[in-house]
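Okay, here's what each chain looks like letter by letter:
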Amino acid sequence: RDVKRWMGQLNVTKTYGRGRPKKSERKKIAATRTLAWQTKAHALNLLRQAFVRAIDDEIVDDAFANPCIGLKFKRPPTTETPTNFFFRPEIERLQQKAPLNFRPLIEFAIATGLRQGEMRALRDVDVHAEGIDVPYITVRYGMPPKKPTKSGHVREIPLLPMALRALREWYE
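Bear in mind the structure is a predicted one, so any value in this text is a computation, not a measurement. (Residues numbered from 1 in each chain as written. Predicted model: local features only at pLDDT ≥ 70, side-chain atom pairs only at ≥ 80, totals over all residues. Heavy atoms only, no water.)

So what's going on with the packing of helix α5 (residues 103-112) against helix α7 (residues 161-171)? Residues and values would help.
In the contact formed by α5 and α7, the axes pass within 8 Å of each other and the chain directions differ by 150°. Considering the angle they form, α5 stands roughly antiparallel to α7. Considering the relative orientation of α5 and α7, their crossing is left-handed. Together, Pro-104, Leu-105, Glu-107, Phe-108, Ile-110, Ala-111 and Thr-112 of α5 and Met-162, Ala-163, Arg-165, Ala-166, Leu-167, Glu-169 and Trp-170 of α7 make up the contact between the two elements. Tallied by class, the residues present in the contact of α5 with α7 amount to ten nonpolar, one polar and three charged. (Axes fitted to C-alpha atoms, helices over the stretch in contact; angles between N-to-C directions. Helix = DSSP H or I, 4+ residues; strand = E, 2+ residues; numbered from the N terminus. Parallel < 35°, antiparallel > 145°, perpendicular 65-115°, else oblique. Left-handed = near helix turned anticlockwise from the far one by under 90°. Contact = heavy atoms within 4.5 Å. Nonpolar A, V, L, I, M, F, W, Y, C, P; charged D, E, K, R; others polar.)

What follows is the structure in structure tokens.
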């Protein structure tokens with residue numbers, strides 16, 4: 001019962017952001033936001049597993065019921081469905097509005113899905129466009145100088161016609 005009340009308070013209690021200020025400074029700093037849904041869900045899962053382990057290891061009596069079982073946080077409502085790609089009219093508007101010298105870069109980014117750091121880290125040896133059936137690029141690094149990609153894996157991206165055209169324009 002107390003755990004349920006405490007979990008309910010997490011939905012409305014304001015936090016200080018990163019870290020916790022010293023006791024003397026807490027009155028000066030206003031707590032401004034509630035914990036994110038995912039942070040609360042992770043905390044609940046951690047507590048749930050800690051109680052399971054404590055019961056299994058006989059630290060807590062078997063008769064003790066895990067107070068975290070059955071508790072859930074409501075996921076906040078979303079206002080729209082997120083999209084992770086551009087639609088044709090958006091691409092055409094971008095192409096029209098972009099300065100001429102940036103168009104190849106923008107088109108290459110759209111056609112390959114590369115992040116800014118991955119594009120900046122590309123080298124000539126990573127581009128395989130001549131004399132092969134399916135041209136591609138090898139993405140090795142995420143941001144110069146030689147930091148790994150976000151996934152940490154080297155990957156090969158096929159070059160669609162739009163990407164090939166943008167690449168050729170860039171080299172001209």
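Go over a negative patch on the surface with me, naming the residues and quoting the values.
On the surface, Asp-56, Glu-58, Asp-61 and Asp-62 cluster together to form a negatively charged patch. Here Asp-56 is to be found in helix α3 (residues 37-56). Of the residues examined, Asp-56 reaches a relative accessible area of 57% and is grouped as exposed. (Patch = residues over 30% accessible without salt bridge, like charges linked within 9 Å, V, L, I, M, F, W, Y side chains within 5 Å. Areas by Shrake-Rupley, 256 points an atom, 1.4 Å probe, with all protein chains shown as cover. Salt bridge = Lys/Arg side-chain N within 4 Å of Asp/Glu carboxyl O. Lys, Arg positive; Asp, Glu negative; His and termini not counted. Charge placed at Lys NZ, Arg CZ, Asp CG, Glu CD. Buried < 20%, exposed > 50% of the residue type's maximum accessible area, 1.4 Å probe, protein only.)

Just give me the short version of the packing of helix α4 (residues 88-97) against α5, but keep the residues and values in it.
For the pair α4 and α5, interaxial distance at closest approach is 9 Å and the crossing angle is 160°. The angle between α4 and α5 falls in the class roughly antiparallel. Crossing geometry of α4 relative to α5 is assigned as right-handed. Along its contact with α4, which presents Ile-91, Leu-94, Gln-95 and Gln-96, the element α5 presents Arg-103, Ile-106, Glu-107 and Ile-110. Its residues assigned to classes, the contact of α4 with α5 comprises four nonpolar, two polar and two charged.

For the sheet that holds strand β3 (residues 127-128), give the residues involved together with the corresponding values.
Read from one edge of the open sheet, three strands run β3-β4-β7, paired in antiparallel fashion. Edge positions in the sheet fall to β3 and β7 (155-158), since each of these pairs with one other strand and no more. Pairing of β3 with strand β4 (residues 136-139), which is carried by two bridges, proceeds in the antiparallel orientation. Looking across to β4, one finds that His-128 is bridged to Tyr-136. (Pairing = 2+ DSSP bridges.)

Outline the pattern of salt bridges, supporting the account with residue identities and numerical values.
This structure, assessed with the given rule, holds five salt bridges. Its salt-bridge partner being Arg-115, residue Glu-118 comes within 3.3 Å of it at the nearest N-O pair. Classification of Arg-115 as partly exposed rests on a relative accessible area of 41%. Across the pair Glu-130 and Arg-168 runs a salt bridge whose closest N-O atoms are separated by 3.8 Å. Here Glu-130 is found in the loop between β3 and β4, whereas its partner Arg-168 is found in helix α7, with 38 residues between them in sequence. Via salt bridges that share partners, Arg-115, Glu-118 and Arg-155 belong to a single interconnected network.

Could you give an account of the environment of Gly-142, naming the residues involved and the relevant values?
Looking at the secondary structure, you find Gly-142 in strand β5 (residues 141-143). Judged by relative accessible area, Gly-142 falls into the buried class, the value being 14%. Every residue in contact with Gly-142, bar those within four places of it in the chain, is listed here: Gly-117, Glu-118, Ala-121, Lys-147, Pro-148 and Thr-149.

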